[in-house]
Amino acid sequence: MLLRPITPILGMDMAIVSSNGSNDRRDKKKNQLVEYKDKNGRIQILRQSNLPQLPPFITKGVAAGQHFGIGGLWASAGESDARKDFREFNLTRVCGPSSPCLNQPPHDNTDTSTHYTTREEADNNYAVGPVYIASIADWKDLLPKWHAFTPRVYEQYPKLLAEMYGFTMAVA
């Protein structure tokens, strides 16, 4: 959660202070929150401790968003352990073949060069919502995919969060 005005400066000049007052990130449990304070001691950011180190700036390939609890349910799509709404969900119909949004290679195993998104990666890296902050170059890459993916998600998942799942799939 960003408590200061929206800015491309993220972690620059921030000191990490855990909820128990320690500056040690090693003993953090999943979902424990840490505070980032500015040089005047004011809390500016509240963030989960299990996330990678906060970069100093937003740059191409380094974006930020509000953490949302929607998680990466879509990354289990088509699998037997997927949530009911995603058991029959077809990621290829949304993202296309050989997309990093997919959770497994095509059945013919023709593409071995593409990275596929696991549920854990989706939970840790793509469970975001507004406010989004990214470089102009990243938005130019992302927006056409997000625009194309959202109606395709809605066809299979006609619910309020279809747009947000479209965004997280486009970012993967």
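Coordinates for the structure precede this section.
Quantities reported herein were computed from a predicted structural model and do not represent experimental measurements.

**Some remarks on the overall build of the protein**
- From N to C terminus, the protein includes 4 helices and 5 strands.
- Reading the protein from its N terminus to its C terminus gives the helix and strand order β-β-β-β-α-α-β-α-α.
- Across the 172 residues of the protein, 40% fall into the buried class.
- When contacts within the protein are restricted to residue pairs at least 6 apart in sequence, those whose partners lie at least 24 apart make up 55%.
- Taken as a whole, the protein presents about 10200 Å² of accessible surface, with 54% of it coming from carbon and sulfur.

**What to know about the state of the cysteines**
- For the structure shown, the criterion picks out 1 disulfide.
- Disulfide pairing is shown between Cys95 and Cys101; the S-S distance is 1.9 Å. Negative torsions about the S-S bond denote left-handed disulfides, and the value of about 40 degrees found for Cys95 with Cys101 makes this one right-handed.
- Taking relative accessible area as the criterion, Cys95 reaches 11% and is therefore assigned buried.

**Observations concerning the pattern of salt bridges**
- Within this structure, the stated rule accounts for 5 salt bridges.
- Across the salt bridge formed by Asp85 and Lys159, the nearest N and O atoms sit 2.8 Å from each other. Highlighted residues: Asp85 in the loop between strand 4 (64-67) and helix 1 (91-95) and Lys159 in the loop between helix 3 (136-156) and helix 4 (162-171), separated in sequence by 74 residues.
- Among the ionic pairs, Arg119 bridges to Asp123, the shortest N-O distance being 3.1 Å. With Arg119 and Asp123 both in helix 2 (residues 119-125), this residue pair falls 4 residues apart, about one helical turn.
- Residue Arg119 is classed as partly exposed on the basis of its relative accessible area, which comes to 34%.
- Overall, Asp123 belongs to the partly exposed group, its relative accessible area being 28%.
- Each of Lys60, Asp138 and Asp141 takes part in one network of salt bridges that share partners.

**Details of helix 4**
- Summarising burial for helix 4: 8 of the 10 residues are buried, a large majority.
- Among all positions of helix 4, only Ala162, Met164, Tyr165, Gly166, Phe167, Thr168, Met169 and Ala170 are buried.
- Packed against the buried residues of helix 4 are helix 1, strand 5 (128-133) and helix 3.

**Section: helix 3**
- Taking 1.5 Å of rise per residue, 21 residues should cover 30 Å, and helix 3 covers 30 Å from first to last C-alpha, within 8% of that figure.
- The largest bend in helix 3 comes to about 30 degrees, at Leu142, with the proline Pro144 one to four residues further on.
- Buried residues of helix 3: Asp138, Trp139, Leu142, Trp146, Phe149, Thr150, Val153 and Gln156, and no others.
- Buried residues along helix 3 sit in contact with helix 1, strand 5 and helix 4.

Reading guide: rules and limits
- Residues numbered from 1 in each chain as written.
- Predicted model: local features only at pLDDT ≥ 70, side-chain atom pairs only at ≥ 80, totals over all residues.
- Heavy atoms only, no water.
- Helix = DSSP H or I, 4+ residues; strand = E, 2+ residues; numbered from the N terminus.
- Buried < 20%, exposed > 50% of the residue type's maximum accessible area, 1.4 Å probe, protein only.
- Contact = heavy atoms within 4.5 Å.
- Areas by Shrake-Rupley, 256 points an atom, 1.4 Å probe, with all protein chains shown as cover.
- Disulfide = S-S within 2.5 Å.
- Salt bridge = Lys/Arg side-chain N within 4 Å of Asp/Glu carboxyl O.
- Expected span 1.5 Å × (residues − 1).
- Bend = angle between axes of the 7 residues up to and from the residue.

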